[in-house]
Amino acid sequence: MSLSTLCLRLGISFFTLLILTRMMGRKEISQMTFFNFISAISIGTIGASLAIDSTVSIRNGLFALIGWAIFTLVLGWLNLKSETARKLVTGDPLIVIKDGEIMEDKLRHARLDINSLNTLLRKKNVFSIADVDYAIFETDGKLSVMKKQDKQPVTKKEAGITITKKKVFPIATGVISDGQAMTANLAKLHLNETWLENQLQMAGVDSPENVFYAEVQEDGTLYVDFKEEKLD
């Protein structure tokens, strides 16, 4: 492939991609659902092939780019018009914490483990699951969080005399995950499994195996979320 031909293909690929992405709208970037992700990768791959792959003719490359863009636009139109199509293409948001309780089945459905959930919560400046009333895993992979009423920011109008709990630990730390004691985290807090067992007994829990997740709060208290079979 000559240099002039390469420059021509690069120019055609660049401006075609620019026009098509403008036509498809900002949703491809702002809301990266599964379909948007596949669409963006495919269009980028086709554009790259048009630019540098001499075995792909300019005509076929343009046809593939425009065809894929039309397909994306049609699916976007169906998403707007049909709730059924929208569910099939993008799926539904999943409630992973409801009324302060972790929804284990929804976590499994979303392929989320407890560490990933905690990571997403920290990105929302939530450092303890005990502070959460509702958490929804959106179709774009982001987490929407509603804190419990007493954990929400206090407005100037509501401000008054407040009593703050004594802070024993710098941050809430998980000590049980899916029925298993997290001994490394207990050691970091200078605690042991005997302390954990005593705390669980005070909470009416016979064994860590009945606990899906537990964490030591900043004030030294233990937050416990039972396994679903335990709740039944």
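All figures in this text were calculated on a predicted structure; none of them were measured in a lab.

**Student:** Would you explain the overall build of the protein in this entry?
**Tutor:** Across its full length, the protein carries 10 helices and eight strands. A buried classification covers 32% of the 232 residues belonging to the protein. Sequence-distant contacts in the protein: of pairs separated by 6 or more residues, those separated by 24 or more amount to 56%. When the accessible surface of the protein is totalled, it reaches about 15,000 Å², and 58% of it is carbon and sulfur.

**Student:** Teacher, can you tell me more about the sheet that holds strand 4 (residues 143-147) here?
**Tutor:** Through backbone hydrogen bonds, the strands of a sheet pair up, either in parallel or in antiparallel fashion. Spatially, the four strands line up as an open sheet ordered 2-1-3-4, and their pairing is antiparallel. At either margin of the open sheet sits one strand with a lone partner, and together these are strand 2 (101-102) and strand 4. Relative to strand 3 (residues 132-137), strand 1 (residues 94-98) runs antiparallel, the two sharing four bridges. Of the residues in strand 3, the one forming a bridge with Lys-98 is Tyr-134. Where helix 7 (residues 114-123) meets the sheet, it contacts strand 1, strand 2, strand 3 and strand 4, and its direction lies at approximately 75 degrees from that of strand 4.

**Student:** Please explain the packing of aromatic side chains as it appears in this structure.
**Tutor:** Aromatic ring pairs are described here by two measures, namely the spacing of the ring centres and the angle between the planes. For the structure on display, the rule yields two aromatic pairs. Taken together, a centroid distance of 5.2 Å and an interplanar angle of 85 degrees make the contact between Phe-14 and Phe-15 edge-to-face. This pair shows no difference in class: Phe-14 is exposed, exactly as Phe-15 is. Each ring, one from Trp-68 and one from Phe-71, has its centre 6.0 Å from the other, and the planes form 55 degrees; the classification is tilted. Of the two residues, Trp-68 and Phe-71 both sit in helix 4 (residues 58-81), three residues apart, roughly one turn of that helix. By relative accessible area, Phe-71 is classed as partly exposed at 43%.

**Student:** Quick question: what am I supposed to make of the sheet that holds strand 7 (residues 211-216) here?
**Tutor:** Taken in spatial order, the four strands of this open sheet run 6-5-7-8, and their pairing is antiparallel. Each edge of the sheet is formed by a strand with only one pairing partner; in this case those strands are strand 6 (180-181) and strand 8 (222-226). As paired elements, strand 5 (residues 173-177) and strand 7 share four bridges and run antiparallel to each other. Its bridge partner lying in strand 7, Ser-177 is registered against Tyr-213. Helix 9 (residues 193-202) contacts strand 5, strand 6, strand 7 and strand 8 of the sheet and is inclined by roughly 65 degrees relative to strand 8.

**Student:** Would you mind showing me how to read helix 4 here?
**Tutor:** Taking 1.5 Å per residue as the helical rise, helix 4 with its 24 residues ought to reach 34 Å, and the 35 Å between its terminal C-alpha atoms agrees with that figure. For helix 4, every residue scored as buried is listed here: Gly-61, Leu-65, Ala-69, Thr-72, Leu-75 and Asn-79.

**Student:** What exactly am I supposed to notice about unusual backbone geometry here?
**Tutor:** Comment: phi is negative for the bulk of residues other than glycine, and the bulk of peptide bonds are trans. Phi angles above zero are rare outside glycine, and Arg-111 is one such case at about 60 degrees. For Arg-111, the location among the structural elements is in the loop between helix 6 (104-109) and helix 7. Classification of Arg-111 as exposed rests on a relative accessible area of 72%. You will see that Asp-178, though not glycine, has its phi angle at about 50 degrees, which is positive. Inspection of the secondary structure puts Asp-178 in the loop between strand 5 and strand 6. For Asp-178, a relative accessible area of 46% gives the class partly exposed.

**Student:** For this particular structure, what's the right way to read the pattern of salt bridges?
**Tutor:** Charged atoms that come close allow side chains of opposite charge to pair. Counted according to the given criterion, the structure contains one salt bridge. Salt-bridge contacts for Asp-178 lead to Lys-227; the nearest nitrogen and oxygen are separated by 3.8 Å. Of the two residues, Asp-178 is situated in the loop between strand 5 and strand 6 and Lys-227 in the loop between strand 8 and helix 10 (228-231); the sequence distance between them amounts to 49 residues. You can call Lys-227 buried: its relative accessible area is 15%.

Rules behind the numbers
- Residues numbered from 1 in each chain as written.
- Predicted model: local features only at pLDDT ≥ 70, side-chain atom pairs only at ≥ 80, totals over all residues.
- Heavy atoms only, no water.
- Helix = DSSP H or I, 4+ residues; strand = E, 2+ residues; numbered from the N terminus.
- Buried < 20%, exposed > 50% of the residue type's maximum accessible area, 1.4 Å probe, protein only.
- Contact = heavy atoms within 4.5 Å.
- Areas by Shrake-Rupley, 256 points an atom, 1.4 Å probe, with all protein chains shown as cover.
- Pairing = 2+ DSSP bridges.
- Axes fitted to C-alpha atoms, helices over the stretch in contact; angles between N-to-C directions.
- Phe/Tyr/Trp six-rings, centres within 6.5 Å; stacked < 30°, edge-to-face > 60°.
- Expected span 1.5 Å × (residues − 1).
- Salt bridge = Lys/Arg side-chain N within 4 Å of Asp/Glu carboxyl O.

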